[in-house]
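Commentary on secondary and tertiary structure
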Amino acid sequence: LAKTTQPISMDSYEGQEVNITCSHNNIATNDYITWYQQFPSQGPRFIIQGYKTKVTNEVASLFIPADRKSSTLSLPRVSLSDTAVYYCLVGGRRGFKTIFGAGTRLFVKA
Amino acid sequence: DAGVIQSPRHEVTEMGQEVTLRCKPISGHDYLFWYRQTMMRGLELLIYFNNNVPIDDSGMPEDRFSAKMPNASFSTLKIQPSEPRDSAVYFCASSFGLNEKLFFGSGTQLSVL
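The sections below set out a description of the structure shown in this document. (Residues numbered from 1 in each chain as written. Chains lettered and ligands numbered in written order. Predicted model: local features only at pLDDT ≥ 70, side-chain atom pairs only at ≥ 80, totals over all residues. Heavy atoms only, no water.)

1. Structural notes on the nonpolar core
Rule in force here: Put simply, a nonpolar core is a bunch of buried Ala, Val, Leu, Ile, Met, Phe, Trp, Tyr and Cys residues held in one set by side-chain atoms that sit within 4.5 Å of each other. Exposure categories follow from relative accessible area, calculated using a 1.4 Å probe and restricted to protein chains: below 20% of the type maximum is buried, above 50% is exposed, and the middle band is partly exposed. Helix and strand assignments come from DSSP, with helices taken as H or I runs of at least 4 residues and strands as E runs of at least 2, each series counted from the N terminus. Should any heavy atoms of two residues lie within 4.5 Å, those residues are counted as being in contact.
Counting 21 residues, the largest nonpolar core has Trp 34, Leu 77 and Tyr 90 of chain B as the members making the most contacts within it. Elements with a minimum of two residues in this core: strand S3 (19-24), strand S4 (31-38), strand S5 (42-50), strand S7 (65-71), strand S8 (74-79), strand S9 (88-95) and strand S11 (108-112) of chain B. Not counting residues up to four positions away in its chain, the partners in contact with Tyr 90 of chain B are Gln 6, Leu 21, Tyr 35, Arg 36, Leu 46, Phe 65, Leu 77, Ile 79, Gly 107, Thr 108 and Leu 110 of chain B. Residues Cys 22, Ile 48, Tyr 86 and Leu 106 of chain A belong to the second largest nonpolar core, which totals 20 residues.

Below, the structure is given as structure tokens:
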């Protein structure tokens, strides 16, 4: 399983764009990159998944460079309610179990 | 669909007692996962099932822990006997396909006194 490294915590202010980078140097050819968000007292919630280049949905964007050894989750114009822990996961579509790392604790201030 | 349903939401018990946590996955999902979350160890995968069959239980901490999935709509995680170090939030999640989008329940907050 590819190991991931993320910052332990980040601070931001309301209205700013937040970029959280995840390193996964030993990502395998068939691995996908998935991000989850977890609020206190709740289970993690899927945000976005990608394989290469850029993926965008109504919540976030995911940027993956050509070598795929890292990825960046971009949250546009964060609000106080985006304060949460964000997890980066790397794994294949089949045959690998979903393992969560330590995550990045994002704190959005007014 | 109501999502993944877990019960009870909170459980307080005494050391040595048997604890049973319950989970109802989303209808149609063929994978079910049990996770445990603590401040010290984060989110740990305990066991997962595919089509009601346990596939990997290497994360189960010890023989005191057991999990079953008698049918596609129900799973249990049992701890017998329980110990204070088992205190944690236990999450159940389901998905359609392995490593596809996981849907988590609200968790069971377990406190063993």
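2. Points about the packing of aromatic side chains
As a reminder of what qualifies: Classification of ring pairs uses Phe, Tyr and Trp, with its six-membered ring standing for Trp, and accepts pairs whose centres are within 6.5 Å; under 30 degrees between planes counts as stacked, over 60 as edge-to-face, and the remaining range as tilted. In this scheme, Lys NZ or Arg CZ marks a charge over a ring once it lies within 6 Å of the ring centre and within 35 degrees of the ring normal.
This model, assessed by the stated rule, comprises nine aromatic pairs over all chains. Taking 6.3 Å as the distance between ring centres and 35° as the angle between the ring planes, the aromatic pair formed by Tyr 31 of chain B and Tyr 48 of chain B counts as tilted. Here Tyr 31 of chain B is found in strand S4, whereas its partner Tyr 48 of chain B is found in strand S5, with 17 residues between them in sequence. Measuring from ring centre to ring centre gives 5.4 Å for Phe 33 of chain B and Tyr 48 of chain B, while their planes differ by 25°; the resulting arrangement is stacked. Of this pair, Phe 33 of chain B sits in strand S4 while Tyr 48 of chain B sits in strand S5, placing them 15 residues apart in sequence. Across the pair, exposure class does not vary: Phe 33 of chain B and Tyr 48 of chain B are buried alike. The ring of Tyr 51 of chain A carries Arg 68 of chain A above its face, with NZ or CZ at 3.9 Å from the centroid.

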